[in-house]
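# Coordinate analysis (summary)
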Amino acid sequence: MAATATATATATATSAAFPSVIRRPTSLRHRSAISSELLPSPATLFKPTTTNASLSCSATFAISPAAAATAASSQSVSFDALQQFLLSKNYRQADEETRRLLIVLAGDAAQKRGYVFFSEVQFIAEEDLRKIDDLWAQNSDNKFGYSVQKKIWEKCNRDFTKFFIKVGWMKKLEASEVDQYNYRSFPVEFIWELGESTPEGHLPLTNALRGTQLLSSILTHPAFCEDASGDEESDGEVERKESPADLRSFKPNYSF
């Protein structure tokens with residue numbers, strides 16, 4: 001009984017330490033079987049699901065027209081608060097405001113539950129997502145924003161582990177004989193200022209605690225598809241898949 005209580009307390013403390021971005025199950029093989037249920041909290045506003053990196057810009061989901069009709073539009077949503085936070089370089093509050101805006105733009109159901117289902121992202125207007133992205137890009141010297149993250153993700157062949165490392169959502173474990181990475185603790189280990197050492201695409205954050213379909217749905221939204229065709233040629237070659245020898249030195253740590 002004591003061992004069980006200790007394990008439960010440890011799991012609870014770990015989950016509370018990292019509520020807003022990413023955690024994966026111990027085995028990749030089991031990821032698709034993990035339920036996407038996640039109890040909402042003030043810092044946990046998105047509803048993540050399992051990985052499906054093959055989502056395309058034209059992906060559709062089985063949601064009724066009535067659900068789509070409840071989505072808000074830029075006519076009724078103000079982006080002023082986000083703009084002010086970004087102008088003042090208050091990236092932490094800008095990140096929170098971005099999550100709030102996506103919940104509002106996703107519709108009544110998302111607002112009532114307090115987080116967004118990946119299947120609701122399609123109902124957010126292109127102009128609204130572009131507005132959010134433009135504000136991030138304009139106030140970060142084009143270092144932050146969803147379109148920046150989209151380019152990095154494409155260069156990583158849509159491999160989310162590589163993407164998380166590239167944007168700094170995972171950190172390398174120093175005391176390890178092989179390359180191992182773990183997820184940063186929210187919010188203290190994330191970078192909330194714009195500096196030379198800040199990884200490109202580090203913000204805004206997207207919850208991927210139990211999967212990446214929410215992030216996939218955002219990055220494959222039609223708002224960010226128009227420039228996809230020329231990204232690889234203009235920004236350099238896409239990262240190639242590692243050879244078996246390279247994979248032996250890459251061993252991400254999926255425990256948390």
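Rules behind the numbers
- Residues numbered from 1 in each chain as written.
- Predicted model: local features only at pLDDT ≥ 70, side-chain atom pairs only at ≥ 80, totals over all residues.
- Heavy atoms only, no water.
- Helix = DSSP H or I, 4+ residues; strand = E, 2+ residues; numbered from the N terminus.
- Buried < 20%, exposed > 50% of the residue type's maximum accessible area, 1.4 Å probe, protein only.
- Contact = heavy atoms within 4.5 Å.
- Areas by Shrake-Rupley, 256 points an atom, 1.4 Å probe, with all protein chains shown as cover.
- Salt bridge = Lys/Arg side-chain N within 4 Å of Asp/Glu carboxyl O.
- Expected span 1.5 Å × (residues − 1).
- pLDDT = per-residue confidence, 0-100.
- Polar contact = N/O pair within 3.5 Å; in protein donor to acceptor, adjacent residues only side chain to side chain.
- Phe/Tyr/Trp six-rings, centres within 6.5 Å; stacked < 30°, edge-to-face > 60°.

## Some words on the overall build of the protein
- A count of helical and extended segments in the protein gives 11 helices and two strands.
- Reading the protein from its N end, one meets helices and strands in the order α-α-α-α-α-α-α-α-β-β-α-α-α.
- Taking all 256 residues of the protein together, the buried fraction comes to 47%.
- The long-range share in the protein, meaning contacts at least 24 apart out of those at least 6 apart in sequence, stands at 74%.
- Taken as a whole, the protein presents about 12,800 Å² of accessible surface, with 51% of it coming from carbon and sulfur.

## Remarks on unusual backbone geometry
- Cis geometry marks the peptide bond from Phe186 to Pro187, where omega comes out at 0°.
- Looking at the element boundaries, Pro187 is found in the loop between strand 2 (181–183) and helix 9 (213–219).
- Along the chain, Leu203 connects to Pro204 via a cis peptide bond; the corresponding omega equals 0°.
- With respect to the secondary-structure elements, Pro204 resides in the loop between strand 2 and helix 9.

## Overview of the pattern of salt bridges
- Going through the model one piece at a time under the given rule, you end up with eight salt bridges.
- Here Arg99 makes a salt bridge to Glu96, at a shortest N to O gap of 2.9 Å. In this pair, Arg99 and Glu96 both sit in helix 4 (residues 91–106), three residues apart, roughly one turn of the helix. In this pair, the class of Arg99 matches that of Glu96, namely buried.
- Its salt-bridge partner being Glu189, residue Lys171 comes within 2.6 Å of it at the nearest N-O pair. Of this pair, Lys171 sits in strand 1 (residues 170–172) while Glu189 sits in the loop between strand 2 and helix 9, and the two are 18 residues apart along the sequence.
- The class for Lys171 is partly exposed, based on a relative accessible area of 27%.
- Residue Glu189 is classed as partly exposed on the basis of its relative accessible area of 25%.
- One continuous salt-bridge network, built from bridges that share partners, spans Asp95, Glu96 and Arg99.

## Looking at helix 4
- With 16 residues, helix 4 should cover 22 Å at 1.5 Å per step; its first-to-last C-alpha distance of 22 Å lies within 8% of that length.
- Where burial is concerned, most of helix 4 is hidden: 13 out of the 16 residues are buried.
- A positive backbone phi angle near 120° is found at Gly107, which sits one or two residues after helix 4.

## Digging into the confidence of the model for the protein
- On average, residues of the protein carry a pLDDT of 73, and 58% of them reach 70 or more.
- Note that pLDDT drops below 50 for residues 2–55; the model gives that stretch 134 contacts with residues more than four away or on any other chain.
- Scored below 50 in pLDDT, residues 58–69 makes 11 contacts in the model with residues more than four places away or belonging to other chains.

## As for the side chain of Thr198
- Tracing the chain through its elements places Thr198 in the loop between strand 2 and helix 9.
- Residue classification places Thr198 among the buried residues on the basis of a relative accessible area of 3%.
- At a separation of 3.0 Å, a polar atom in the side chain of Thr198 contacts the main-chain carbonyl oxygen of Glu193.
- For Thr198, the side chain forms a polar contact with the main-chain nitrogen of Gly195, separated by 3.0 Å.
- In this structure Thr198 touches Lys143, Phe144, Ile191 and Glu193, once residues within four positions along its chain are discounted.

## Considering the packing of aromatic side chains
- The final tally for this structure, using the stated rule, is 15 aromatic pairs.
- Judged by centre distance (6.1 Å) and plane angle (75°), the rings of Trp136 and Phe144 are edge-to-face.
- Relative to Phe163, the ring of Phe160 lies with its centre 6.2 Å away and its plane at 90°, an arrangement referred to as edge-to-face. Placement of the pair is Phe160 and Phe163 together in helix 8 (residues 160–166), with a separation of three residues, close to one helical turn.
- The exposure class assigned to Phe160 is buried, which follows from its relative accessible area of 3%.
- Here a set of aromatic residues connected by ring pairs shows up, and it is made of Trp153, Phe160, Phe163, Phe164, Trp169 and Tyr183.

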